[in-house]
Amino acid sequence: MIATSSGRRVAKRVRTRVGGFSEHVNSMNHLILPLAHAGHGEHGFAAGLLHPITGLDHLFAAVAVGLLAYQLGKRATWLLPAVFVAGMLLGGLIAGMGVGLPGVELGIIASLLAVGVAVAIKRAGPLWASASALGIMAIFHGHAHLAEYEAETGLPGYVIGLIIATVALHALGVAVSYGIAQLKQPKLEAVRVIGGLVFAFGVLKLTGLA
């Protein structure tokens, strides 16, 4: 009888501790899940800020534009980022009007391949030609950004967030390229290596491996 009572007390303590542990796990899930899906439940300005950062294709392309802009120097430093943002807004306008754009995913992949290889070889042809091509490819990025926005409100804030995030990523690319250029000899062609990685990511996207 004594053994039975003791066993019941032990079992009760175990159930209490297991229950407490389960509550702790559940509370942690409530904290972790929103972080794991950051951006998916957002709308308006916050969603606009997060969208170019949480999508690796948009992130790599925008940073690579900044890298290339600094590599080419002079007017390209501000012209390429400006053209990319302008093209992105045009693509967003097309999507906002409900007009479909064929080959959006391929257009985004083309931007990764083209900008990545341009950074890797430090060559992009005449500025007017590279700026025009970049603007066309940016249209696909902008179309994707707006087409994926499903909230019924907050569109102006979303667009502002997109612009700020994209400009910040361009600036990051310029800053990285500038910082590497200031390193004392000997130095690796790190910016060109990054361009090669962006190109490689584009190949992975094209083959469906990323």
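What counts and how
Residue positions are given per chain, counting from 1 as you read along its sequence in written order. It should be noted that, the model being predicted, local features are given only for residues of pLDDT at least 70 and side-chain atom pairs only at 80 or more, the latter also being counted only at that level, while totals for whole chains, interfaces and linings use all residues. Heavy atoms throughout the structure, all of them, feed into the side-chain values; hydrogens and water do not. Here the nonpolar core consists of buried residues drawn from Ala, Val, Leu, Ile, Met, Phe, Trp, Tyr and Cys, with membership extended through side-chain atoms lying within 4.5 Å. Exposed residues in this analysis have more than 50% of their type's maximum accessible area, buried residues have under 20%, and partly exposed residues fall in between, with area computed by a 1.4 Å probe over protein chains only. Helix and strand assignments come from DSSP, with helices taken as H or I runs of at least 4 residues and strands as E runs of at least 2, each series counted from the N terminus. Note on definitions: a residue-residue contact is assigned when non-hydrogen atoms from the two residues lie within 4.5 Å. Here an angle of 0 to 180 degrees is reported between the N-to-C directions of two axes, which are lines fitted to C-alpha atoms, with helices fitted over the stretch in contact. Any angle from 65 to 115 degrees is called roughly perpendicular, while one under 35 is roughly parallel, one over 145 is roughly antiparallel, and all others are oblique. Crossings are sorted by hand: turned counterclockwise from the far helix by less than a right angle, the near helix makes the crossing left-handed, and turned clockwise it makes it right-handed. Residues are grouped as follows: nonpolar covers Ala, Val, Leu, Ile, Met, Phe, Trp, Tyr, Cys and Pro; charged covers Asp, Glu, Lys and Arg; every other residue, Gly included, is treated as polar. Patch members must show over 30% relative accessible area and no salt bridge, and they are joined within 9 Å when carrying like charges or within 5 Å when they are nonpolar side chains of Val, Leu, Ile, Met, Phe, Trp or Tyr. Each accessible area value is a Shrake-Rupley result obtained with a 1.4 Å probe; residue values ignore everything except the protein chains displayed when judging cover. By convention in these notes, a salt bridge is any Lys or Arg side-chain nitrogen within 4 Å of a carboxyl oxygen on Asp or Glu. Here a cavity denotes a set of grid points, spaced 1 Å apart and computed over the protein atoms alone, in which a 1.4 Å probe fits but from which it cannot get out, and a pocket denotes an open set meeting protein on both sides within 12 Å along at least five of seven lines; residues with an atom within 4 Å of a point are reported as lining. Grid points are joined across faces, edges and corners, and a volume is the space filled by probe spheres set on the points. In this analysis, the expected span of each helix is defined as 1.5 Å times one less than the number of residues it contains.

Enquirer: Help me get a handle on the nonpolar core, residues and values and all.
Expert: Among the nonpolar cores identified, the biggest contains 27 residues, and Val 65, Leu 68, Leu 80, Val 115, Val 119 and Leu 134 are the most heavily contacted of them. Those elements that place two or more of their residues in this core are helix H3 (56–72), helix H4 (76–96), helix H5 (104–121), helix H6 (127–147), helix H7 (155–181) and helix H8 (190–207). Among the elements that make up this core, the one with the highest residue count is H3 (nine residues). Excluding its chain neighbours within four sequence positions, the residues that come into contact with Leu 80 are Val 65, Leu 68, Ala 69, Leu 72, Leu 127, Ser 130, Ala 131 and Leu 134. Listed in part, the seven residues of the second largest apolar core include Met 88, Ala 95, Leu 146 and Leu 162.

Enquirer: Report on the packing of H5 against H8, specifying residues and quantitative values.
Expert: Here H5 crosses H8 at 155 degrees, and the two axes come no closer than 7 Å. In this view, H5 runs roughly antiparallel relative to H8, as classed from their interaxial angle. For the pair H5 and H8, the sense of crossing is left-handed. Contacts from Glu 105, Leu 106, Ile 109, Leu 112, Leu 113, Gly 116, Val 117, Val 119, Ala 120 and Ile 121 of H5 reach H8 at Val 191, Arg 192, Gly 195, Gly 196, Val 198, Phe 199, Phe 201, Gly 202, Val 203, Lys 205 and Leu 206. A class-by-class count of the residues in the contact of H5 with H8 yields 14 nonpolar, four polar and three charged.

Enquirer: Explain a nonpolar patch on the surface to me, using residue names and the numbers behind them.
Expert: Together, Leu 90, Leu 93, Met 97 and Val 99 make up a nonpolar patch on the protein surface, roughly 390 Å² of accessible area in all. Looking at where Met 97 falls in the secondary structure, it is placed in the loop between H4 and H5. With relative accessibility at 61%, the residue Met 97 sits in the exposed group.

Enquirer: Tell me about empty space enclosed by the protein, and name the residues and values.
Expert: Scanning all chains against the criterion turns up one cavity of 30 Å³ or more. Taken as a whole, the largest cavity encloses approximately 40 Å³ of empty space. In terms of lining, the largest cavity is formed by Pro 52, His 58, Ala 62, Phe 84, Met 88, His 141, His 145 and Thr 166. Of all the secondary structure elements, the ones that give two or more residues to the lining of the largest cavity are H3, H4 and H6.

Enquirer: Outline H5, supporting the account with residue identities and numerical values.
Expert: Spanning 18 residues, H5 covers 26 Å between terminal C-alpha atoms, matching the ideal 26 Å at 1.5 Å per step. Taken together, the buried positions of H5 are Val 104, Gly 107, Ile 108, Ile 109, Ser 111, Leu 112, Leu 113, Val 115, Gly 116, Ala 118, Val 119 and Ala 120. Residues of H5 that are buried make contact with H3, H6 and H8. Downstream of H5 by one or two residues, Lys 122 has phi in the positive range, about 55 degrees.

None of the figures reported here should be taken as evidence of function without further support.
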